[in-house]
Amino acid sequence: MESWVGHEIPRLPGNGLPLSLYDSARRAVHPTRPSGTATMYVCGITPYDATHLGHAATMITFDLVQRVWRDAGHPVSYVQNVTDIDDPLLERAARDGEDWKVLAMRETALFREDMEALRIIPPTYYVGAVESIPAIAEKVRTLLDDGAAYRLDDGSGDVYFDIAAAPRFGYESNLSREEMLALFAERGGDPERAGKRDPLDPLLWRGARDGEPSWPGGSLGPGRPGWHIECAVIALNLLGYRIDVQGGGNDLLFPHHECSAAHAERLTGMAPFAGHYVHAGMIGLDGEKMSKSLGNLVFVSRLRADGVDPMAVRLGLLSGHYRSDREWTDDVLKAGTQRLARWREAAAAPQGAAGAELLAGVRERLADDLDTPGALALIDRWVDATLAGAGRDPDGPRLLAATVDALLGVRL
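This is a predicted model, so every value here is computed, not measured.

1. Focus: the overall build of the chain
Okay, step 1: Counting its regular elements, the chain contains 13 helices and 14 strands.
Okay, step 2: By the compact-globule yardstick of 22 Å for 412 residues, the chain fits well, its C-alpha radius of gyration being 22 Å.
Okay, step 3: Seen along its three principal axes, the alpha-carbon backbone of the chain occupies a region of about 75 × 45 × 35 Å.
Okay, step 4: For the chain, with 412 residues in total, the buried portion stands at 57%.
Okay, step 5: Counting only contacts in the chain whose residues sit at least 6 apart along the sequence, the fraction spanning at least 24 positions is 78%.
Okay, step 6: Accessible surface for the chain amounts to roughly 17,000 Å². Of this, 49% is attributable to carbon and sulfur atoms.
Okay, step 7: Placing the 43 positive and 59 negative side-chain charges of the chain at their respective mean positions leaves the two points 4 Å apart.

Below is the structure:
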């Protein structure tokens, strides 16, 4: 699948700092320790609607991870998927009387446009579920042969993963069984499905149904893959047996990331699947989490169509820490717009405050679990000093622009 167009990233003087991130499994901040090339897998969209600010905040989070790693001298291999076949996509297409393939292609194209506008570094590999189905079916067959999966005895052709084959199941999310059962039912699982060995067993392969698309599965029979195995197989095939970061929104912690890690670990015999499981907070509007069911989404494409500078949107989302659930309001956008204008004014000044000190401070803040509020506060103080005429560094404004561009992804 084709990704979006990237942009040139300024080279900064000196060396960046090692990145530390909060790991959901260990529930603490730990250094990332890439060995050579840093590897990251981030769960992408199910393309049945336009990119909203929750998507944007998540993608900006892992864009920052890329930028800090690159600044520290690490090449980055980054994979993002597109779940271009799944129940929500089929349901939306049926509701609107539209071909599901056309819907997926249109919304994926719009997502790419939004990512380019927000200056998100494109992934090394941008991969759709449909193009990965042969590889996924192969791994499902492997799990069946290994005894880690089973077929339902109801003629449906459905295949499930047996969580008894993953003795560490639950280590990533740190949830009680009762909490897992509640979230499993809420987030696409089927704990009440008859014939399962355990209510938490996740679907690996959905047998063909009348009126639904299906693909050959070899000995599995025709069907399509479950969601969790999709991400596990794509990550394993492109990044290897162990990755540095598995990322997404915090609503993916369970069951999606827990299950995909369990699948990967059973297939490879190696654990943990990721050195860090990293989760971005949710974006809310008027006191509620943005969600399609509530109809309270703010779309990036709508803001762009209304003439909002994508860099102001980016700054608005960066003003809160990535792990926090936070609100999007008119005041957040206004503050981002005003901040962008002041930064651009300072970047155009003939001289400014000490640029090297600013770069060092921003590097330090971002290396500490992506402390963007701290980084923005440092830059604001630098800008205030520069606009007040307190600086004498002729390279300061140029270094401001390069620092903000390279590390925060904001073009001045």
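There is more to say, and it comes next.
2. Considering the packing of aromatic side chains
Okay, step 1: For the structure on display, the rule yields six aromatic pairs.
Okay, step 2: Taking the centre distance of 5.9 Å and the plane angle of 80° together, the rings of W4 and F111 count as edge-to-face. Taken together, the positions of W4 in the segment before β1 (20-23) and F111 in helix α3 (residues 100-117) put the pair 107 residues apart, joining distant regions of the chain. Like W4, the residue F111 is buried in the burial classification.
Okay, step 3: When the centroid spacing of 6.3 Å and the interplanar angle of 25° are considered together, the rings of Y150 and Y160 count as stacked. Of this pair, Y150 sits in strand β6 (residues 149-151) while Y160 is found in strand β7 (residues 159-161), placing the two residues 10 residues apart along the sequence. The same class applies to Y150 as to Y160, namely buried.
Okay, step 4: Taken together through their ring pairs, the aromatic side chains of W4, F111 and Y126 make up a single cluster.
Okay, step 5: If you follow R168 out to its NZ or CZ, it ends over the ring of Y171, 4.0 Å from the centre.

3. Describing the nonpolar core
Most often, soluble globular proteins have nonpolar side chains that are buried together.
Okay, step 1: Counting 66 residues, the largest nonpolar core has L53, V313, L317, W328, I379 and L408 as the members making the most contacts within it.
Okay, step 2: Looking at this core element by element, the count peaks at 10 residues for helix α1 (residues 53-71).
Okay, step 3: Setting aside anything within four residues of it in sequence, one finds L317 in contact with L53, A56, A57, I60, I283, R326 and W328.
Okay, step 4: Residues A149, L183, L200 and V233 belong to the second largest nonpolar core, which totals 36 residues.

4. A word on the sheet that holds strand β9 (residues 223-225)
Okay, step 1: Read from one edge to the other, the open sheet built from four strands follows the order β6-β7-β8-β9, with strand pairing classed as antiparallel. The sheet is open, and its two borders are formed by β6 and β9, each paired with just one other strand. Ignoring strand direction, the axes of neighbouring strands in this sheet form an average angle of 20°.
Okay, step 2: Across three bridges, the pairing between strand β8 (residues 203-207) and β9 is antiparallel. Each residue of the ladder has a partner; that of W205, found in β9, is P225.
Okay, step 3: Set on the sheet, helix α4 (residues 133-146) makes contact with β6, β7, β8 and β9; between it and β8 the angle comes to about 110°.

5. Some words on the side chain of K196
Okay, step 1: Take K196: it is sitting in the loop between α5 (177-186) and β8.
Okay, step 2: A polar side-chain atom of K196 sits 2.8 Å from a polar atom in the side chain of D190.
Okay, step 3: In terms of polar contacts, K196 uses its side chain to reach the backbone carbonyl oxygen of P199, at 2.9 Å.
Okay, step 4: If we skip the residues at most four places from it in the chain, K196 touches Y150, L152, Y160, F184, D190, P191 and D201.

6. Some points on the environment of A135
Okay, step 1: With respect to the helices, strands and loops of the structure, A135 is situated in helix α4.
Okay, step 2: Residues A135 and G409, 274 residues apart in the sequence, show an inter-C-alpha distance of 35 Å.
Okay, step 3: With near-sequence residues (within four places) excluded, A135 lies in contact with V233 and N237.

7. Some words on the environment of G16
Okay, step 1: Position of G16 among the secondary structure elements: in the segment before β1.
Okay, step 2: Note on G16: relative accessible area 13%, which makes it buried.
Okay, step 3: When sequence neighbours within four positions are dropped, the list of residues in contact with G16 reads D71, A72 and R363.

8. Side note on α1
Okay, step 1: Relative to the 27 Å expected for 19 residues at 1.5 Å per residue, α1 spans 26 Å between its end C-alpha atoms, a close match to the ideal helical length.
Okay, step 2: The element α1 is extensively covered by neighbouring structure, given that 18 of its 19 residues are classed as buried.
Okay, step 3: Directly beyond the C-terminal end of α1, a positive phi value near 95° is found at G73.

9. As for the sheet that holds strand β11 (residues 274-280)
Okay, step 1: Spatially, β5-β4-β3-β10-β11 is the arrangement adopted by the five strands of the open sheet, whose pairing is parallel. The open sheet is flanked by β5 (125-128) and β11, the only strands paired with a single partner. Sheet twist, expressed as the mean angle between neighbouring strand axes with direction ignored, is 20°.
Okay, step 2: Each of β3 (38-42), β4 (76-82), β10 (243-249) and β11 is contacted by α1, which is oriented at about 175° to β3, the strand it contacts most.
Okay, step 3: Seen against the sheet, helix α7 (residues 253-268) touches β10 and β11 and runs at an angle of roughly 155° to β10.

Reading guide: rules and limits
- Residues numbered from 1 in each chain as written.
- Predicted model: local features only at pLDDT ≥ 70, side-chain atom pairs only at ≥ 80, totals over all residues.
- Heavy atoms only, no water.
- Helix = DSSP H or I, 4+ residues; strand = E, 2+ residues; numbered from the N terminus.
- Rg over C-alpha atoms; globule rule 2.2 N^0.38 Å.
- Buried < 20%, exposed > 50% of the residue type's maximum accessible area, 1.4 Å probe, protein only.
- Contact = heavy atoms within 4.5 Å.
- Areas by Shrake-Rupley, 256 points an atom, 1.4 Å probe, with all protein chains shown as cover.
- Lys, Arg positive; Asp, Glu negative; His and termini not counted.
- Charge placed at Lys NZ, Arg CZ, Asp CG, Glu CD.
- Phe/Tyr/Trp six-rings, centres within 6.5 Å; stacked < 30°, edge-to-face > 60°.
- Lys NZ or Arg CZ within 6 Å of the ring centre and 35° of its normal.
- Core = buried A, V, L, I, M, F, W, Y, C linked by side-chain atoms within 4.5 Å.
- Pairing = 2+ DSSP bridges.
- Axes fitted to C-alpha atoms, helices over the stretch in contact; angles between N-to-C directions.
- Polar contact = N/O pair within 3.5 Å; in protein donor to acceptor, adjacent residues only side chain to side chain.
- Expected span 1.5 Å × (residues − 1).

Everything listed here is a matter of geometry and, on its own, says nothing about what the molecule does.
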